[in-house]
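Chain by chain, the residues run as shown.
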Amino acid sequence: DGRSFVAEGMDLKGRQGAFRIDAKTAAVEPLEFRPSGGNIGIPHWSADGGKVYFIRRPDASGNDAALVERDLSTGAERELLSHAVIYWFSPGPGGKTIAVDASVAPSKVRKILILGTDGRESRELPLPGPGFERFLWTPDGSQILLRKAGEIWTLDARGGEPRKIDLGVTRILDFRVHPDG
């Protein structure tokens with residue numbers, strides 16, 4: 001709707017959580033407060049703006065986290081992934097998939113999971129070596145862009161080996177993808 005944004009932070013009463021904030025009035029609506037001893041993190045909008053995704057960690061270890069989908073019109077919640085260590089996630093373009101950097105019991109091997117938001121699709125992409133950090137989708141959903149040691153790498157969303165993108169720029173600290181690609 002362009003009138004609000006979601007944020008992770010602390011309200012004026014010192015409660016950490018995920019919030020929806022009206023961009024014009026600055027009115028704050030708590031979506032979820034941190035569970036005792038745990039935390040809430042990385043809120044993202046769904047593609048249609050009707051839902052918010054976030055990580056719920058019930059304790060400080062982070063070993064039993066869940067990726068939660070909250071429907072803002074009904075308040076209904078669904079866990080898209082549970083019993084995992086979740087490092088990062090990125091909703092895919094079009095709203096049908098979410099890429100999650102996680103390790104899931106029992107193997108605890110860190111990988112990128114591609115989850116269908118309808119609960120039907122789930123596939124794995126091996127995390128392409130150590131040191132890769134936060135990632136984003138390309139607008140067409142065909143590639144996942146990752147950052148490693150100040151460089152940008154691309155990974156085909158269907159799988160395969162990562163490929164370094166030669167940019168002519170060094171020490172990339174953060175990046176965003178233009179909506180047109």
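Residues numbered from 1 in each chain as written. Predicted model: local features only at pLDDT ≥ 70, side-chain atom pairs only at ≥ 80, totals over all residues. Heavy atoms only, no water.

Some thoughts on the pattern of salt bridges
Stage number 1. Tallied over the full model, the rule gives 14 salt bridges.
Stage number 2. Between K111 and E124 there is a salt bridge; the shortest N-O distance is 3.3 Å. Placement of K111 in strand β9 (residues 110–116) and of E124 in strand β10 (residues 122–126) is noted, with a sequence separation of 13 residues between them.
Stage number 3. On the basis of relative accessibility, which here comes to 13%, the residue K111 falls in the buried class.
Stage number 4. One continuous salt-bridge network, built from bridges that share partners, spans E32, R56, R70 and E77. (Salt bridge = Lys/Arg side-chain N within 4 Å of Asp/Glu carboxyl O. Helix = DSSP H or I, 4+ residues; strand = E, 2+ residues; numbered from the N terminus. Buried < 20%, exposed > 50% of the residue type's maximum accessible area, 1.4 Å probe, protein only.)

Re the sheet that holds strand β11 (residues 132–137)
Stage number 1. Taken in spatial order, the four strands of this open sheet run β11-β12-β13-β14, and their pairing is antiparallel. Here the strands that pair on one side only, and so sit at the sheet edges, are β11 and β14 (163–164).
Stage number 2. Note that strand β12 (residues 143–148) and strand β13 (residues 151–156) share six bridges and pair antiparallel. In the strand pairing of β13, L145 is matched with T154. (Pairing = 2+ DSSP bridges.)

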